[in-house]
Amino acid sequence: MSTSTGVSRGALTHQYPTKESLIVAVAEQLLDEIRHIPSSKTGPKPNGEEGYLEWLLLFTSGRFFDTAEGRALTEIFQAMRTDQSLSDRLADQVAAWDAVIEAWYLRRLKAEGGDAELRDFVRLFVFVGRGMLVSGPKEDHAAREAIVRALAALATPRIRRRPEAEREKMDVAPIERG
């Protein structure tokens, strides 16, 4: 690793004395980058109200799950399952990441069953996304996109775009940049 980064082994081990401390630093950096969700205004636009949920899921899956950063973070999540010390050190950052994702969706969507139902959907989507990275079609972007579209089709009857007037009234801290 020191060879590929151009940093001496001594400097690397001085800054990160253990493998765990290096993994924690990488995870913190990745989570910080992902917490700052880019504005959806910069990407392609949804295809009408009916296509909004599908568009939003494709947008976020491409941003969070279908990237080198997302795959690296998933590997760290996997390691956290068996390494209690690593899990303890990253628990607060992962909880903050989950809260940002949830707030981002709550600001854009509403469910017939209210915010509790929407939170359940968001958790389901995050679990499906992580699962696709761990055991899904690794190099087949079209297959991953088909899974996301199927999830959107299942949820669309109950979940809709939150009207702009409601979104403006919500007490959700802005988290977009770019």
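The model shown is predicted, which means the values in this text are computed figures rather than measured ones.

A tally of regular secondary structure across the protein gives nine helices and two strands. Starting at the N terminus and walking to the C terminus, you meet the elements of the protein as α-α-α-α-α-α-β-α-α-β-α. For the protein, the proportion of its 178 residues judged to be buried stands at 38%. Within the protein, residue pairs in contact and separated by at least 24 positions form 74% of the contacts whose partners lie at least 6 positions apart. Of the roughly 10,300 Å² of accessible surface on the protein, 54% is carried by carbon and sulfur atoms.

If you trace the backbone, Leu-57 turns up in helix H4 (residues 52–65). When the C-alpha positions of Leu-57 and Val-122 are compared, they lie 9.9 Å apart, and in sequence the two are 65 residues distant.

We now examine the packing of aromatic side chains. The full count for this structure, using the stated rule, is two aromatic pairs. On the numbers, 5.5 Å between centres and 40° between planes, the contact of Tyr-52 with Trp-55 is tilted. Residue Tyr-52 and its partner Trp-55 are located together in helix H4, separated by three residues, close to a single helical turn. No difference in accessibility class separates Tyr-52 from Trp-55, as the two residues are buried. Their ring planes at 75° and their centres at 6.1 Å tell us that Tyr-105 and Phe-125 sit as a pair that is edge-to-face. Of this pair, Tyr-105 sits in helix H6 (residues 84–108) while Phe-125 is found in helix H7 (residues 115–135), placing the two residues 20 residues apart along the sequence. Neither residue differs from the other here; Tyr-105 and Phe-125 are each classed as buried.

The next thing to look at is the pattern of salt bridges. For the structure on display, the rule yields eight salt bridges. Residue Glu-117 is joined to Arg-158 by a salt bridge in which the shortest nitrogen-to-oxygen separation is 2.5 Å. Linking Glu-117 in helix H7 with Arg-158 in the loop between helix H8 (141–155) and strand S2 (159–161), this pair joins segments that are 41 residues apart in sequence. A relative accessible area of 21% places Glu-117 in the partly exposed class. Of the charged contacts in the structure, one is a salt bridge between Arg-123 and Asp-120, with a shortest N-O distance of 3.4 Å. Of this pair, Arg-123 and Asp-120 both sit in helix H7, three residues apart, which is roughly one turn of that helix. Taking the relative accessible area as the measure of exposure, Arg-123 reaches 41% and is therefore partly exposed.

Here helix H5 (residues 68–82) spans 22 Å end to end across 15 residues, near enough to the 21 Å set by a 1.5 Å rise per residue. Regarding H5, the residues found buried are Gly-70, Leu-73, Thr-74, Ile-76, Phe-77 and Met-80. The arc enclosing the buried residues of H5, seen along the axis, measures out at 160°, which places them on a common side. Exposed and facing more than 90 degrees away from the buried side of H5 are Ala-68, Glu-75 and Thr-82.

Criteria and thresholds
- Residues numbered from 1 in each chain as written.
- Predicted model: local features only at pLDDT ≥ 70, side-chain atom pairs only at ≥ 80, totals over all residues.
- Heavy atoms only, no water.
- Helix = DSSP H or I, 4+ residues; strand = E, 2+ residues; numbered from the N terminus.
- Buried < 20%, exposed > 50% of the residue type's maximum accessible area, 1.4 Å probe, protein only.
- Contact = heavy atoms within 4.5 Å.
- Areas by Shrake-Rupley, 256 points an atom, 1.4 Å probe, with all protein chains shown as cover.
- Phe/Tyr/Trp six-rings, centres within 6.5 Å; stacked < 30°, edge-to-face > 60°.
- Salt bridge = Lys/Arg side-chain N within 4 Å of Asp/Glu carboxyl O.
- Expected span 1.5 Å × (residues − 1).
- Arc of directions from axis to C-beta.

So yeah, pure geometry; function would need other evidence.
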